[in-house]
Amino acid sequence: MTSLPLYKQIQEDIKAQIAASVLRAGDRIPSESELMNRYFVSSITVKNALNQLVDEGIIYRLKGKGSFVAASPFVSGAGGAEAPGHKIGVIFPTMATRTEQIYLVHLERQFRCNNCHLMVGIARESSAQEIQLVQDFIKSGVHALILFPMVSEVNNALVRQLVAHRFPLVFMDRYLEDIPSSCVVADNVGGAKDATRFLIERCGNRVAICHFPTLNTAVSGRLEGFRLAMAEAGFEPDPENQCVIEDRDIVFATSERRVELLYHTMLEHLTRYPETNGFFAANAEIAQVANLVLNSLGRVPGKDFHMVAFDNPHLPGVNFIQQDYKAIVKESVRLLAQQLDGNFERETLVVPTTLVEVPHDPTDISHMRHLVTGLNP
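Parameters and conventions
- Residues numbered from 1 in each chain as written.
- Predicted model: local features only at pLDDT ≥ 70, side-chain atom pairs only at ≥ 80, totals over all residues.
- Heavy atoms only, no water.
- Helix = DSSP H or I, 4+ residues; strand = E, 2+ residues; numbered from the N terminus.
- Buried < 20%, exposed > 50% of the residue type's maximum accessible area, 1.4 Å probe, protein only.
- Contact = heavy atoms within 4.5 Å.
- Areas by Shrake-Rupley, 256 points an atom, 1.4 Å probe, with all protein chains shown as cover.
- Polar contact = N/O pair within 3.5 Å; in protein donor to acceptor, adjacent residues only side chain to side chain.
- Pairing = 2+ DSSP bridges.
- Axes fitted to C-alpha atoms, helices over the stretch in contact; angles between N-to-C directions.

Trainee: Describe the overall build of the protein chain, with residues and values.
Mentor: Looking only at helices and strands, the protein chain features 12 helices and 14 strands. With 377 residues in all, the protein chain has 47% of them scored as buried. At a minimum sequence separation of 6, the contacts of the protein chain that also span at least 24 residues come to 69%. Total accessible area computed for the protein chain in this model is approximately 17900 Å², and 52% of it derives from carbon and sulfur atoms.

Trainee: Break down the side chain of Ser31 for me, citing the residues and quoting the values.
Mentor: Note on placement: Ser31 falls in the loop between α1 (6-19) and α2 (32-39). The exposure class assigned to Ser31 is buried, which follows from its relative accessible area of 19%. Of the polar contacts made by the side chain of Ser31, one reaches the side chain of Ser33; its length is 3.1 Å.

Trainee: Tell me what's going on with the pairing of strand β6 (residues 169-172), and back it up with residues and numbers.
Mentor: On β6, burial covers both faces: Leu169 and Phe171 on one face and Val170 and Met172 on the other are all buried. Note that strand β5 (residues 144-147) and β6 share three bridges and pair parallel. When the sheet's bridge partners are listed, Leu145 is paired in β6 with Leu169. As paired strands, β6 and strand β7 (residues 182-186) are joined by three bridges and run parallel to one another. Counterpart to Val170 in the pairing with β7 is Ser182.

Trainee: Outline the sheet that holds strand β8 (residues 207-211), listing residues and values.
Mentor: Spatially, six strands are ordered β9-β8-β10-β11-β12-β14 in an open sheet, and the strand pairing comes out mixed. In this open sheet, the two edge strands, each paired with only one partner strand, are β9 (242-244) and β14 (354-356). The average undirected angle you get between the axes of adjacent strands in this sheet is 20 degrees. As defined by bridge partners, β8 adjoins strand β10 (residues 278-281) across four bridges and the pair is classed as parallel. In the strand pairing of β10, Cys210 is matched with Ala281.

Next comes the structure, spelled out in structure tokens:
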């Protein structure tokens with residue numbers, strides 16, 4: 001006689017029937033009363049069994065109709081046979097940053113392991129291109145979308161329509177605040193607070209945040225974290241504490257133009273406020289250009305100047321906030337799977353970040369593991 005609790009016996013029997021294809025995706029499983037009579041158990045026992053199967057994504061419920069076998073795209077078929085697989089569309093803004101490239105590596109691994117077909121599009125920071133990609137993906141028969149919104153986060157009417165019609169869609173890394181779809185992001189506020197506290201401990205209020213215009217949720221979150229940490233330390237932010245690249249067209253500029261704008265903005269700031277002794281660079285690109293500015297002024301990160309970047313700029317003496325790319329992708333895929341199984345409850349998941357301290361000595365490579373941290377399987 002089995003020692004399994006009764007609710008577990010019910011679960012294992014249903015799973016076995018699914019594995020043996022007695023029950024297939026979309027099939028209705030026996031009702032609660034039928035299961036009560038079959039196993040001679042109470043209603044509570046049956047409900048516990050079914051609730052856990054729902055939580056595991058094995059079955060789903062339709063109000064007034066019953067419980068049905070779910071067709072999860074992230075579980076292989078019985079006996080090692082491959083499931084048909086789902087087509088998943090992923091749209092990136094540029095694919096020019098290391099962050100986007102790391103995300104793509106993890107997405108490809110995740111979907112390949114789960115027998116899904118990945119289709120990738122690059123919007124090139126164009127709202128028209130983003131809309132065209134969404135339309136093309138829908139026409140090609142994708143079953144779901146992961147969208148990494150553009151830097152300028154244009155309110156996409158087509159995306160809004162998809163969400164309204166319950167098309168599976170998850171925002172990753174950034175999100176559109178007025179479109180109610182699930183999203184997974186790094187803890188931009190918390191990471192920025194950690195970076196700013198680190199700088200305040202070493203520089204007092206002689207620190208500045210360097211950032212692009214607040215055109216998206218990532219930048220606004222990092223700016224908020226900086227301001228919160230300053231306020232917690234008893235400092236009222238002044239102009240010398242904020243070095244913003246004012247040109248809103250910078251996100252569409254060529255690489256040469258971006259570097260030029262960044263360089264002259266930060267050089268002007270440090271010339272105007274020479275007492276500034278620390279920078280929080282809101283992304284790795286800003287940190288890399290800031291390093292050039294400091295070199296031109298004879299200042300050395302990690303020695304007579306302190307800098308923390310959001311994401312790894314791969315520079316000696318420049319500390320950084322490490323995002324957990326793997327976790328962000330894993331959670332994005334999980335939320336997408338829930339929607340494909342009919343659960344469209346909106347979730348906003350914030351994944352913690354880590355402050356990494358980097359030695360100034362360029363021969364000390366103890367921090368180099370972070371070059372590949374984001375790519376580990």
